[in-house]
Amino acid sequence: MRKTFLVALAAVLAAVMFIRIGYINADKDEMVVDIQNMRQWMALDGNYMAIETEKTNGYSVRVNTAKLYEYEEYLDKYGIDASGDTDLSYFKPGKVLELEVVVQNPSNEEGYISLENWMVMNETLDYDTVICPALLDYSMPELKDKSIGSVKFKLGSEYTMKLPFLFEDYHEINGVGSIFYLYVTRWPERKVVKVDVNT
C-alpha cells in the first residue's frame with residue numbers, strides 16, 4: 001500500500017513539474033533568426049551583438065566575397081612574417097576565412113558596431129571563431145591599434161573591410177563549397193549571413 005502511494009505521489013509531482021516547466025517555456029519568446037545570403041544587404045535594425053549601447057539602427061551589412069586560405073598562403077598574401085609577430089606565435093594555424101564585408105551607415109549618428117564579437121560558425125554549428133585581431137592588423141592596417149569592440153562608421157558612409165577568421169588546425173574545414181554562418185547580431189534578434197565559399 002505504501003509503495004503504491006509513493007508511486008502515485010511521484011507521478012503527481014512529475015506531472016506538476018511538467019506543467020510548470022511547460023508554463024514557463026510558453027511564456028518565453030522564441031529567438032528570432034534572420035538569415036540572408038551573400039551579396040544582399042542585411043539591415044541590423046537596432047539589434048546588437050553584445051550590449052544595447054551599440055544602437056545599430058540604420059546600419060546595414062553585406063558580405064561580398066568569401067575565400068578560404070591555407071594559413072601560410074594567407075601570410076604570403078599580406079607579406080606577414082609570423083615568426084616576428086608575437087601575437088601570431090601562439091596559434092596552431094589551419095585555415096583563414098577572409099570575408100569582404102561592406103558596412104553602410106546612411107543615418108546613424110550615435111551607434112557603433114562591435115566587430116570583435118562578430119562570429120563565424122561552420123555549417124553543422126559544431127564550432128565557431130571570431131575575427132583574428134593579429135591578422136586584421138595586416139588586412140585592415142587602418143584599424144590597427146584601434147578597438148574593434150566599438151567601431152563607429154561615419155554618417156553617410158559605405159566602408160569595405162577584409163575580415164580574417166582563423167580556424168586552428170584541429171578544426172575540420174573543407175575548401176571550395178564550404179558553408180559558414182556569420183553572426184552580426186545576437187539580441188534580441190539574430191542576424192546571420194549564410195556564407196558560401198565558392199572561390
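Note that the coordinates shown come from a computational prediction; the quantities given were computed from them, not determined experimentally. (Residues numbered from 1 in each chain as written. Predicted model: local features only at pLDDT ≥ 70, side-chain atom pairs only at ≥ 80, totals over all residues. Heavy atoms only, no water.)

Kindly report on a nonpolar patch on the surface, identifying the contributing residues and their values.
A cluster of nonpolar side chains, contributed by Met31, Val33, Ile35 and Trp187, occupies part of the molecular surface with about 350 Å² of accessible area. Position of Val33 among the secondary structure elements: in strand E1 (residues 32–37). According to the relative accessible area criterion, Val33 is partly exposed, its value standing at 44%. (Patch = residues over 30% accessible without salt bridge, like charges linked within 9 Å, V, L, I, M, F, W, Y side chains within 5 Å. Areas by Shrake-Rupley, 256 points an atom, 1.4 Å probe, with all protein chains shown as cover. Salt bridge = Lys/Arg side-chain N within 4 Å of Asp/Glu carboxyl O. Helix = DSSP H or I, 4+ residues; strand = E, 2+ residues; numbered from the N terminus. Buried < 20%, exposed > 50% of the residue type's maximum accessible area, 1.4 Å probe, protein only.)

Summarise the pairing of strand E8 (residues 179–185); cite the residues concerned and give the values.
Of all seven residues that make up E8, seven are buried, and the element is covered over most of its length. Note that strand E5 (residues 119–122) and E8 share four bridges and pair antiparallel. The partner of Met119 across the bridge, within E8, is Tyr183. Bridge analysis of E8 against strand E9 (residues 189–196) gives six bridges, and the strand direction is antiparallel. Looking at the pairing, Leu182 lines up with Val193 of E9. (Pairing = 2+ DSSP bridges.)

Break down the sheet that holds strand E3 (residues 60–70) for me, with residues and values.
Strand order in the open sheet made by the four strands is E2-E3-E4-E7, with antiparallel pairing throughout. Each end of this open sheet is capped by a strand with a single partner; those strands are strand E2 (42–43) and strand E7 (157–168). Bridge count between E3 and strand E4 (residues 93–105): 10 bridges; the pairing is antiparallel. Pairing of Ala66 across the sheet is with Leu99, part of E4.

Tell me about the sheet that holds E5, residues and numbers included.
Strand order in the open sheet formed by five strands is E1-E9-E8-E5-E6, with mixed pairing between adjacent strands. Whereas interior strands pair on both sides, the edge strands pair on one side only; in this sheet they are E1 and strand E6 (128–130). Between one strand axis and the next, the sheet turns by 30° as a mean value, whatever way the strands run. (Axes fitted to C-alpha atoms, helices over the stretch in contact; angles between N-to-C directions.)

Go over helix H2 (residues 71–78), please, and point to the residues and values.
One turn of the α-helix equals 3.6 residues, which is why residues spaced by three or four share an orientation. Turning to H2, its buried residues are Tyr71, Tyr74 and Leu75. For H2, the buried positions fall inside an angular range of 100° around the axis, keeping them on one side. Exposed and oriented more than 90 degrees from the buried face of H2 are Glu72 and Asp76. Against E3, E4, helix H3 (133–139) and E7 lie the buried residues of H2. (Arc of directions from axis to C-beta. Contact = heavy atoms within 4.5 Å.)

How would you explain the layout of surface pockets if you had to name every residue and give the values?
Of the voids in this model, the largest pocket is the one considered here, and its volume is about 180 Å³. For the largest pocket, the full set of lining residues is Glu142, Leu143, Lys146, Ser147, Ser150, Val151, Lys152, Phe153, Lys154, Ser157, Glu158 and Tyr159. Tallied by class, the residues present in the lining of the largest pocket amount to four nonpolar, three polar and five charged. Of the volumes computed, that of the second largest pocket is approximately 150 Å³. Residue lining of the second largest pocket: 13 residues in total, with Phe91, Thr129, Val130, Cys132 and Leu166 positioned closest to the centre. Elements with a contribution of two residues or more to the lining of the second largest pocket: E6, H3 and E7. Considering each element in turn, the lining of the second largest pocket owes the most residues, three residues, to E7. Residue classes in the lining of the second largest pocket are distributed as nine nonpolar, two polar and two charged. (1 Å grid on protein atoms, 1.4 Å probe; cavity = no way out; pocket = protein on both sides within 12 Å on 5 of 7 lines; lining within 4 Å. Points joined across faces, edges and corners; volume = space filled by probe spheres on them. Nonpolar A, V, L, I, M, F, W, Y, C, P; charged D, E, K, R; others polar.)

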